[in-house]
Amino acid sequence: MNYSPPRRSDGTIQHTRTKLPWPKDRLFRILSIDGGGIRGVFPAAYLAEIERRFLGGRSIANHFDMIAGTSTGGIIALALAHGMTAQQALNIYVERGERIFPVSTGVRKLAKLARWIFKPKHDQSVLKGELLKIFGDKVLDASTKRLVIPSFEGLHGEPFLYKTPHHPDYQKDRHKKFAHVALHTTAAPSYYPAVDDDGYVMIDGGIWANNPVMNAVVDALACYDVPRENIRVLSIGTGESTFTVDEKARSGGAKAWAFMRSFNAAARAQSKNALGQTYLLIGKNNVIRIDPPETDTPIELDDTRRSLRELPLTARSLVEGSGHRVQSLFLLDDADKFEKCPVC
């Protein structure tokens, strides 16, 4: 008989969390990074450019109290909490991108597209191998930063958040490997199969929290005695396509609302809603949102060559306009050292 694990939500604590103290004169600074496949080149390149211009190459992670990331954003978040700089995180995409998302041409490309109808587009074992090379056996208990990493559990159909032990109530994930958390948050439907994890069925967190900004803000407010006006957020996207409900889509039908159109609409709506809620909760002036301009010709989630060709240039251009504001809101002093809660 196959083992069926209990719902994660069965263990949800019913009462409000006991808030941990937070210095009254200290801001709580959050870095939040969206999902987007190989387009993770953009947030990594943006942060690397900030490091180069304002920090002498030192890791930008030193200036944040919490980092949230979904899917490719989760890989960057985990890399920063692993002790890497953003430049080193960018190198993951530069050096390993075409191994993870191999480029096909001609007949081979057509065959791959045909196979995609019935099977995942890419070989997950390649991604898993690269993640293990990057992170080794390190577990969340060794993280240098508070982390919030969304995934989705398919057996019971529930959102699933991986968190470091930054609150006494957070004990379940402290022994989870960085590499496995990264694999679970990046298992994008149709691109990769779901991942079995002791009976749980783990899927990309982007299906419900492609922009994880509110997951991080709510967690900070729930766990710490910090006034909401003292929270600062740097939220970085990976680029959106222009979207409108055209005449064909208005009429409905499966063809007009194929999977990718429906997914793009849902991801876009989720992101804008999460940002809107964040603006209402902590004040829009306390949030910096960085995202490539919308386009009618979006970069595909696995288009490594175009991502590496275009997105670093876009990142450098956007740092020109926003870098000094990022510096004034986040970079003037270091974050306090993250002290993990002991095992209960």
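Small disclaimer: the values here were computed from a predicted structure and weren't measured.

Parameters and conventions
Residues numbered from 1 in each chain as written. Predicted model: local features only at pLDDT ≥ 70, side-chain atom pairs only at ≥ 80, totals over all residues. Heavy atoms only, no water. Core = buried A, V, L, I, M, F, W, Y, C linked by side-chain atoms within 4.5 Å. Buried < 20%, exposed > 50% of the residue type's maximum accessible area, 1.4 Å probe, protein only. Helix = DSSP H or I, 4+ residues; strand = E, 2+ residues; numbered from the N terminus. Contact = heavy atoms within 4.5 Å. UniProt positions renumbered as here; feature names shortened; annotations may be inferred. Salt bridge = Lys/Arg side-chain N within 4 Å of Asp/Glu carboxyl O. Axes fitted to C-alpha atoms, helices over the stretch in contact; angles between N-to-C directions. Left-handed = near helix turned anticlockwise from the far one by under 90°. Nonpolar A, V, L, I, M, F, W, Y, C, P; charged D, E, K, R; others polar. Expected span 1.5 Å × (residues − 1). Bend = angle between axes of the 7 residues up to and from the residue. Parallel < 35°, antiparallel > 145°, perpendicular 65-115°, else oblique.

Draft legend 1. Structural view of the nonpolar core. If you look at the biggest cluster of nonpolar residues, it comprises 66 residues, and the most contacted ones within it are Leu31, Tyr46, Leu47, Leu78, Phe135 and Leu234. With 9 residues, the single largest contributor to this core is helix H1 (residues 41–54). Apart from the residues within four sequence positions on either side, Leu47 is in contact with Leu31, Ile33, Ile60, Leu80, Ala86, Leu234 and Ile236. Listed in part, the 22 residues of the second largest apolar core include Trp22, Ala68, Val233 and Ala274.

Draft legend 2. Up close: the UniProt feature "active site" (unreviewed entry) in the protein. Under the feature "active site" (unreviewed entry), the UniProt entry names Ser71 and Asp204. Separation in sequence by 134 residues is not matched in space for these annotated residues, since their most distant C-alpha atoms are only 6.1 Å apart. Its place among the elements puts Ser71 in the loop between strand E2 (66–69) and helix H2 (72–81). When neighbours within four sequence positions are excluded, Ser71 is seen to be in contact with Gly35, Thr185, Thr186 and Asp204. Structurally, Asp204 can be placed in strand E6 (residues 200–204). Asp204 has contacts with Thr70, Ser71, Ser151, Phe152, His184, Thr185, Thr186, Ala187, Ala188 and Pro189, leaving out every residue within four places of it along the chain.

Draft legend 3. Highlighting the pattern of salt bridges. Enumeration over the complete set of coordinates arrives at 24 salt bridges. A salt bridge links Glu130 to Lys133; the shortest N-O distance between them is 3.5 Å. Placement of both Glu130 and Lys133 in helix H5 (residues 124–135) is noted, with a separation of 3 residues, approximately one turn of the helix. Across the pair Lys163 and Asp219 runs a salt bridge whose closest N-O atoms are separated by 2.8 Å. Here the residue Lys163 occupies a position in strand E4 (residues 158–163), and Asp219 occupies one in helix H8 (residues 213–223), the gap between them amounting to 56 residues. Note on accessibility: Lys163 and Asp219 belong to one class, buried. Overlapping salt bridges, with partners in common, bring together Arg26, Arg29, Asp333 and Asp336 in one network.

Draft legend 4. Local environment of the packing of H5 against helix H6 (residues 178–185). Packing of H5 against H6 brings their axes to within 8 Å, and their N-to-C directions diverge by 145°. The interaxial crossing formed by H5 with H6 has right-handed handedness. Within the contact between the two elements, H5 uses Gln124, Leu127, Lys128, Leu131, Leu132 and Phe135 and H6 uses Phe178, Ala179, Ala182 and Leu183. For the contact of H5 with H6, a count of residues per class yields 8 nonpolar, 1 polar and 1 charged.

Draft legend 5. Fine view of the side chain of Arg96. Within the secondary structure, Arg96 sits in helix H3 (residues 86–100). Those residues in contact with Arg96 that sit more than four places away from it in its chain are Asn91, Glu130, Lys133 and Ile134.

Draft legend 6. Up close: the environment of Tyr191. As for its position among the elements, Tyr191 is in the loop between H6 and strand E5 (195–197). The class of Tyr191 is buried, set by a relative accessible area of 5%. Distance in space between the C-alpha atoms of Tyr191 and Lys121 is 4.7 Å, their sequence separation being 70 residues. Each residue touching Tyr191, except ones within four places of it in the same chain, is listed here: Trp116, Pro120, Lys121, His122, Glu300, Leu301 and Asp302.

Draft legend 7. The arrangement of H3 in detail. When the terminal C-alpha atoms of H3 are compared, their 19 Å separation across 15 residues agrees well with the 21 Å that a helix rising 1.5 Å per residue should span. At Val94, H3 is deflected by roughly 35°, the largest bend along its length. For H3, every residue scored as buried is listed here: Ala86, Ala89, Leu90, Ile92, Tyr93, Arg96, Gly97 and Ile100. Packing partners of the buried residues in H3 comprise H1, H2, H5 and helix H11 (304–330).

Draft legend 8. Main features of the packing of H3 against H11. With their axes 9 Å apart at the nearest point, H3 and H11 run at an angle of 160° to one another. Viewed along their axes, H3 and H11 adopt a mutual orientation that is roughly antiparallel. H3 and H11 meet at a crossing whose hand is left-handed. Residues Tyr93, Val94, Gly97 and Glu98 of H3 touch H11, and the partners they reach there are Thr304, Arg305 and Leu308. When the residues that make up the contact of H3 with H11 are grouped by side-chain class, the tally is 3 nonpolar, 2 polar and 2 charged.

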